[in-house]
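Residue-level listing of the chains:
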Amino acid sequence: MPATKFGHHTSLLTALLVAGLPAAVLAQTASGDAPLEAQAAQRTSFDILAQPMSQALTAFGRQSGLQIAVDSSAVAGKSSPGVSGQMAPDQALRQLLAGSGLTYQFNSATAVTVTGPPPSAPGPGPGSSAVQLDPVRVQAATVPPQAEIGNLPPPYAGGQVARGGKVGLLGNRDFMDTPFSQTTYTNDYIRNQQARSLTDVLSTDPTLRTGYPNGNVFDDRVVIRGIQVFNPNYGFGGLYGIVPNQVDLTGVERIEVFRGPTAFLNGALPQAVGGTINLVPKRATDDPITRATALYSSDAQFGGAVDVGRRFGPDNAIGARANASYISGQTSVWNQTSEKLAMTLGLDYRSERTRLDADIGYLKRNIGAFQGGMFLAAGVPLPPAPDARRSSYQPWERLQGNDLYGALRFEHDILEGLTGFIKAGARRSNYTSMFLNQNINNYNGNTSTLSAGQFQSSVESLSLEAGLRGTFNTGPLKHEAALIGDYLKTQNFTFNSALAIPTASNIYFPTYLFAPNTATVRTAPPPLSSDTVYSSVGVADAVSFYGDMFQIIGGARWQRIQSANYSAVTGLPTNGNDTAIISPSVALVVRPVKQLMFYGNYIQALQQGPIAGAGLRNAGEQFPAFVTNQFEIGAKVDFGTFGATLSAFQITLPSSYTDLATNTLVTNGQQRNQGLEFVMFGEPVNGLKLNGGFTVLDAKLTNTQGGRNNGNQAVGTTPFQASLTADWDTPFLPGFGVLGRVIYNGQVNLNAANTQWAPPWTRFDAGLRYTFERADGKPISLRANVINLFDANYWVATSSFFVQNQPRTFMLSLTADF
């Protein structure tokens, strides 16, 4: 990006983040300086879920070992966003009370009083409604700051997002110490919008665009910074390549969204150029969990879910968390059915210096009349989207499959300030789809068959990681260093049994055919089609000085991609490639005041090179891996109850095209994506939680065949997108909440010549919820959500093909704790 443009972005960053944001609204106060000094000297590991305030404070008393005096009338009907991570009890209590209006006062180093908003008495007196909560020490072991297991960043004010997340080899970091753009969505956010697939959550992010709208298709592909990212580039507990083809959120505690290339942070991945997604599995909490949920989704999908967690042994050292869900029936799309079964089990062990996690999951899906996508004939303008409820896909089109996956993570504190770790994970996925791809031939919506058949796909992945992470000082410099090695082996087994199924249909008035004769399709397991190994070794050091006002992060990662492709007929290798490079990275953080930070970074991405297709002179040639470069500057603010990130970036990525003069595939192409992202979150006003932002993107083709498309907008990109989610805990009825959301997606380009476009669209969502306590103090929650409130019809496009949107869909749930 030219220096002048960066200078303009820097001015805009400062103006928006310093002058344009509202003042912070503090939710609680503290008094009693001497007790606070004593509290600041100790750090405790907290893991308290979002729940009614009275229960949250009880859990706080158990985990902190403090004596808590609570004014029960002041906390009645209030809820807490929860808190997770290692911190001083005073800091944990601030986050636990965020947005509630409650105040607290330390009466001594071991006693604290929680009351209503000031002015209030220093503690409960005779005749008050205060309740004394006895302290119970539950977990004696503390987790060092360089550890990952049991060290999640705490929720931010409002509880919808966390204060930070995993930043690759740098470990878990607070967002104000991270020189990259990242958002971590919490389980509260997932539950309150009744998200049942990863797509449901990612579609609400203002910087992401999902490729499939309703979660009833192949995967959870998204566009980040104008570049498509697919499920093999998603992580599970920090291990990549083991995430199912499509993610069900059963057993998922948090979703971490990282924007931009991550080769230095996570190592070489199949296609993690635009960014990555990491899933954080659920863990047993100190408080027992027994939760059951009844589910409904229109038109006639019914199901349920259970969530059970317990801790055992001395100091609750052993934990188990089991989750299961099942839902089946007719979706909101006519003639489409969906059946999904998901089961997960998470185990963990904590001791003075050793921590161990283990997860196993199983997902089974069966989708009838799944919507695989449509294509547009050359020179034809895209016709208006049909009624989203009326599918033009054949009733016999079907996607069936299952995923079995698991992970094991081990951490040991070798010395004070030095932790070693080993991780291992694996996945096996088996999917079969019966499909008919339609090609739209004219503006009237007439279609013909582009391709049809049965596609078999199996994937086997093994993911390993080992390393050291430590903290130390050299004079006035504070170091957070890491040395990590990663290994990912992925084998793909595929076979396509083509079928001749001529059609003459229409997207508005579809013609439905009898199911084809499948006597000729393959019944044996698919053969090996590709075998790829991604390996890397990375080293990094984050150096802080001058009271953490300045931070420099530097390092490099050696990466290697070894790929081989195989013939489906002979089973023999046909081509391959072996590429190794060193990817350097450097980042800077400047934090002039606690509430404001500026950052910049340079980072790369490495992805597997293309293969020349059939009919070309160099057909079958496997090209070396592509190297992508990103420069980014940004600023972040943290007012305690309201936070935001504004970033400007430039990504330059190589591409391939067919040289028409020689009829060969060449890799001389280039695309340049420049953009501006704004993300905000928090609870700026008591009870009102906001989450939203926008993305401005200038994605240009800079080097194309003969220069004919130079300067054109890149395929599958849009110049502007935005979203805003507002969640309001109403003051007039305790436990009653209202949710509203608006998502805007600009015009999307469908071809390199910029002659075909998908028009812009806007979607509105809404939700209501009510949580109350039974006589035994356990909560019951009723939730009702509507996706696409006004039943708009539009095309969803992230590349040259596109799909129909999700029609208006109603979701209901009833959740009870026992």
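Cut-offs used in this document
All residue numbers refer to position in the chain's written sequence, counted from 1. Local features are withheld for residues below a pLDDT of 70 in this predicted model, meaning they are given only at 70 or higher, and side-chain atom pairs are given and counted only at 80 or more; totals for whole chains, interfaces and linings count all residues. Side-chain figures throughout are based on the complete set of non-hydrogen atoms in the structure, without hydrogens or water. Any two strands between which DSSP finds at least two bridges are classified as paired. The way it works is that DSSP assigns letters per residue, a run of H or I at least four long becomes a helix, a run of E at least two long becomes a strand, and they are numbered from the N terminus. Working convention: axes come from line fits to C-alpha atoms, limited for helices to the stretch in contact. Angles between N-to-C directions cover 0 to 180 degrees. Side-chain rings of Phe, Tyr and Trp, where Trp is taken by its six-membered ring, are said to pair if the distance between their centres is within 6.5 Å; with planes under 30 degrees apart they count as stacked, over 60 as edge-to-face, and otherwise as tilted. For every residue, the accessible area obtained with a 1.4 Å probe (protein chains only) is divided by the maximum for its type, and the residue is called buried under 20%, exposed over 50%, and partly exposed between those limits. Comment: the charge-over-ring label is applied if NZ (Lys) or CZ (Arg) is within 6 Å of the ring centre and within 35 degrees of the ring normal.

Trainee: Before we move on, could you go through the sheet that holds strand β14 (residues 227-229) and cite the residues and values that matter?
Mentor: With respect to topology, three strands assemble into an open sheet ordered β12-β13-β14, the strand pairing being antiparallel. A single partner strand is all that each edge strand has here, and the edge strands are β12 (208-210) and β14. Across this sheet, the average inter-strand angle for adjacent strands is 35 degrees, counted without regard to direction.

Trainee: How would you explain the packing of aromatic side chains if you had to name every residue and give the values?
Mentor: Counted under the stated rule, the structure contains 24 aromatic pairs. Ring geometry for Phe218 versus Phe370: centroids 5.3 Å apart, planes at 80 degrees, classification edge-to-face. Of this pair, Phe218 sits in the loop between β12 and β13 (222-224) while Phe370 is found in the loop between β23 (354-368) and β24 (374-376), placing the two residues 152 residues apart along the sequence. Residue classification places Phe218 among the partly exposed positions, given a relative accessible area of 27%. Assessed through its relative accessible area of 1%, Phe370 is described here as buried. Ring centres 6.3 Å apart and planes at 25 degrees place the aromatic pair Phe694 and Phe720 in the stacked group. Note that Phe694 is positioned in strand β37 (residues 688-703) and Phe720 in strand β38 (residues 720-729), a separation of 26 residues in sequence. A network of ring pairs unites the aromatic residues Tyr212, Phe218, Phe370, Phe375 and Phe801 as a single cluster. The aromatic ring of Phe649 is capped on one face by Arg225, whose charged end is 4.2 Å from the ring centroid. Sitting over the ring of Tyr599, Lys636 keeps its end group 5.3 Å from the ring centre.

Trainee: Now, about unusual backbone geometry: what can you tell me, with residues and values included?
Mentor: Following Ser298, the chain continues into Asp299 via a peptide bond in cis, with omega recorded as 10 degrees. Structurally, the position occupied by Asp299 is in strand β20 (residues 299-312). Positioned with a positive phi, Gln194 is a non-glycine residue whose angle comes to about 55 degrees. Tracing the backbone through its elements, the reader meets Gln194 in the loop between α6 (187-192) and α7 (198-202).

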